[in-house]
Amino acid sequence: MTPAAVRAHFVEQAKGCAAFGSPFTAALLERCAQDLDDRGPVAALVAAWPGEPRTDALGLRLAGALHAAALSGRDPALATVYPGAKSDWTLDEVWPRARAFLADQADWVRAVLQSPPQTNEVRRSIGLVPAFLALAAQYDGPMEMLELGASAGLNLSWDQFAYETDSWRWNPGGRPLITTDWSGPPPQTGARPQVRARSGCDQNPLSVHDPDDVQRLRSYIWADQADRLQRFDAAVAVAQAHDVRVERADAALWNLGRLASRARDAMTVVYHSIFLQYPPAETLADITAAITAAGATATAAAPLAWVRFEPASVLEHGALGSWHTVVDVITWPGAVRTHLADVDPHGRSVRLIAGS
């Protein structure tokens, strides 16, 4: 990839971070783009990036590396000026120390850059829960949950969280508290999902029982978003208390095996959030084929549901070209597809579609 393409990605990603409420990360990535022009340490690290920088989320990999250095104390000087330690941070203070770290610790940074970001965004659960409540309202029986691309499995515990908006709330005794800017009718809060089993897979799962993995997950949360960090910490505590573990597996093979052995006295729910843009096309085709085949054998006693929180462009088999994200549900028997909601990718807003 050319340095110009890498620079364009950093500029685009900075705009995305600003739009999603992180002025710090936006400003940091703008300085990185300038450093590419100046042929500084950022250029030495990423100007010759071998992949596609947008697909690889290269800017977020680099921002995560710097946040990890601050969180871990690997660079104490950088930690003292980062948002977590200093609410009145300025990039004029942060950038010289960040730039020096990228130069001095280039080998460590290169190693971090080899892994894609894993954020396990807990707030996305408020986009998923209306789907799960709607399914529970339709089916008065146990549910078995299968999450693809589950990362550390934080959203496997969705029914342990508390949800609250200006117009409705559900499970008020849970934690963490998940809020959003809600519009449209409320979900079916009278439903009581009976989750009998839950499991998840990831090609590179992280463990809530490993302090290094937990710190890595925290590093990919934008440093100036304290509310996200607090929700993350609370969700980790829930996952640890319930001994949540995610299987290391290829999503297509894991999904195929789980569906082949699914229960005949429960609803099986396959779900994921911001996952479909990452696997190769053949893996996506295999996942779709397996779910469709399983749906053909679903019964009223053992229905199947596929819940997807994904960019609309990906669901319609187009290029990832916009931030427009939706939740849709397909249920079997019948292969009935419902566009349930329009959602912010980080769960900051949800618009439930009337009549869903």
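Scroll up to find the structure.
Here is what the cut-offs are and how they apply
Residues numbered from 1 in each chain as written. Predicted model: local features only at pLDDT ≥ 70, side-chain atom pairs only at ≥ 80, totals over all residues. Heavy atoms only, no water. Helix = DSSP H or I, 4+ residues; strand = E, 2+ residues; numbered from the N terminus. Buried < 20%, exposed > 50% of the residue type's maximum accessible area, 1.4 Å probe, protein only. Contact = heavy atoms within 4.5 Å. Lys, Arg positive; Asp, Glu negative; His and termini not counted. Charge placed at Lys NZ, Arg CZ, Asp CG, Glu CD. Salt bridge = Lys/Arg side-chain N within 4 Å of Asp/Glu carboxyl O. Polar contact = N/O pair within 3.5 Å; in protein donor to acceptor, adjacent residues only side chain to side chain. Pairing = 2+ DSSP bridges. Core = buried A, V, L, I, M, F, W, Y, C linked by side-chain atoms within 4.5 Å. Axes fitted to C-alpha atoms, helices over the stretch in contact; angles between N-to-C directions. Parallel < 35°, antiparallel > 145°, perpendicular 65-115°, else oblique. Left-handed = near helix turned anticlockwise from the far one by under 90°. Nonpolar A, V, L, I, M, F, W, Y, C, P; charged D, E, K, R; others polar.

**Q** So what about the overall build of the protein chain? Which residues, and what values?
**A** Each helix and strand in the protein chain was counted, giving 13 helices and twelve strands. Principal-axis analysis of the C-alpha atoms places the extent of the protein chain at approximately 65 × 40 × 35 Å. For the protein chain, the residues scored as buried account for 55% of the 356 residues in total. Taking all contacts inside the protein chain whose residues are at least 6 apart in sequence as the whole, residues at least 24 apart take part in 70%. Seen as two clouds, the 31 positive and the 39 negative side-chain charges of the protein chain have centres 1 Å apart.

**Q** Kindly report on the pattern of salt bridges, identifying the contributing residues and their values.
**A** All chains considered together, the criterion is met by 18 salt bridges. For the salt bridge of Asp-37 with Arg-7, the shortest nitrogen-to-oxygen distance reads 2.8 Å. One end of the pair, Asp-37, is in helix α2 (residues 23-37); the other, Arg-7, is in helix α1 (residues 3-19), with 30 residues separating them in the sequence. Since its relative accessible area comes to 41%, Asp-37 is described here as partly exposed. Where Asp-35 meets Arg-99, a salt bridge forms, and the shortest distance between an N and an O atom there is 2.6 Å.

**Q** Tell me about the environment of Asn-204, and please be specific about residues and values.
**A** Locating Asn-204 in the fold gives a position in the loop between β6 (194-202) and α9 (211-219). For the pair Asn-204 and Ala-249, spaced 45 residues apart in sequence, the C-alpha separation works out to 7.9 Å. Setting aside its immediate chain neighbours within four residues, Asn-204 contacts Gln-118, Arg-216 and Arg-248. Among the polar contacts made by the side chain of Asn-204, one reaches the side chain of Arg-248 at a distance of 3.3 Å.

**Q** Pulling in residues and values, what's your account of the pairing of strand β11 (residues 336-343)?
**A** Within a regular strand, the side chains alternate between the two sheet faces. Where strand β10 (residues 325-332) and β11 come together, seven bridges link them in antiparallel fashion. When the sheet's bridge partners are listed, Thr-331 is paired in β11 with Val-336. As consecutive antiparallel partners, β10 and β11 are separated by three residues, and within that stretch Gly-334 has a phi angle of approximately 110°, a positive value. When β11 meets strand β12 (residues 349-352), the two strands line up antiparallel, connected through three bridges. Directly across from Ala-341, in β12, lies its bridge partner Leu-352. From the end of β11 to the start of β12, which pair antiparallel, there are five residues, and Gly-347 there has a positive phi angle of about 80°.

**Q** Lay out the nonpolar core in plain terms, naming residues and giving numbers.
**A** Trp-158, Tyr-163, Val-269 and Val-307 are the most contacted members of the largest nonpolar core, which totals 51 residues. Discounting residues that sit within four places of it in the chain, Trp-158 has contacts with Ser-125, Val-129, Phe-132, Met-145, Tyr-163, Trp-170, Pro-193, Val-195 and Tyr-271. Leu-62, Ala-69, Leu-102 and Trp-222 belong to the second-largest nonpolar core, a separate cluster that totals 45 residues.

**Q** Summarise the sheet that holds strand β4 (residues 177-179); cite the residues concerned and give the values.
**A** Spatial strand order, β3-β2-β4: three strands in an open sheet with mixed pairing. The open sheet has two free edges, formed respectively by β3 (169-170) and β4, since each of these has just one partner strand. In terms of strand pairing, strand β2 (residues 162-164) meets β3 through two bridges, oriented antiparallel. Bridged to Tyr-163 within β3 is Trp-170.

**Q** An account of the packing of α1 against α2 is requested, with residue identities and associated values reported.
**A** Two elements in contact, α1 and α2, have axes whose closest approach is 8 Å; the angle formed by their N-to-C orientations is 165°. As far as their axial angle goes, α2 and α1 are roughly antiparallel. Crossing handedness for the pair α1 and α2: left-handed. Residue-level contacts link Val-6, Arg-7, Phe-10, Val-11, Gln-13, Ala-14, Cys-17 and Ala-18 of α1 to Thr-25, Ala-26, Leu-29, Glu-30, Cys-32, Ala-33, Leu-36 and Asp-37 of α2. Of the residues belonging to the contact of α1 with α2, the class tally is eleven nonpolar, two polar and three charged.

**Q** Give me the lowdown on the pairing of β6, citing residues and values where you can.
**A** Bridging between strand β1 (residues 142-148) and β6 involves seven bridges; their strand directions are parallel. Among the inter-strand pairings, Met-145 is bridged to a residue of β6, identified as Arg-198.

**Q** Requested: an account of the packing of α2 against helix α4 (residues 58-72), with residues and values cited.
**A** Look at α2 against α4: their axes get within 11 Å of each other, and the N-to-C directions meet at 105°. Between α2 and α4, the interaxial angle falls into the category roughly perpendicular. Only Gly-59, Leu-62, Ala-63 and Leu-66 of α4 make contact with α2, whose side of the interface consists of Thr-25, Leu-28, Leu-29 and Cys-32. Of the residues contributing to the contact of α2 with α4, the split by class is six nonpolar, two polar and no charged.

**Q** Tell me about unusual backbone geometry, and name the residues and values.
**A** Backbone torsion omega between Arg-175 and Pro-176 reads -5°, so that peptide bond is classified as cis. Within the secondary structure, Pro-176 is located in the loop between β3 and β4. Positive phi, normally seen in glycine, also occurs at Ala-57, with a value near 50°. Residue placement: Ala-57 occurs in the loop between α3 (41-46) and α4. Look at Ala-57 and you get buried, because its relative accessible area is 10%.

Bear in mind that shape data such as this cannot, by itself, settle questions of function.
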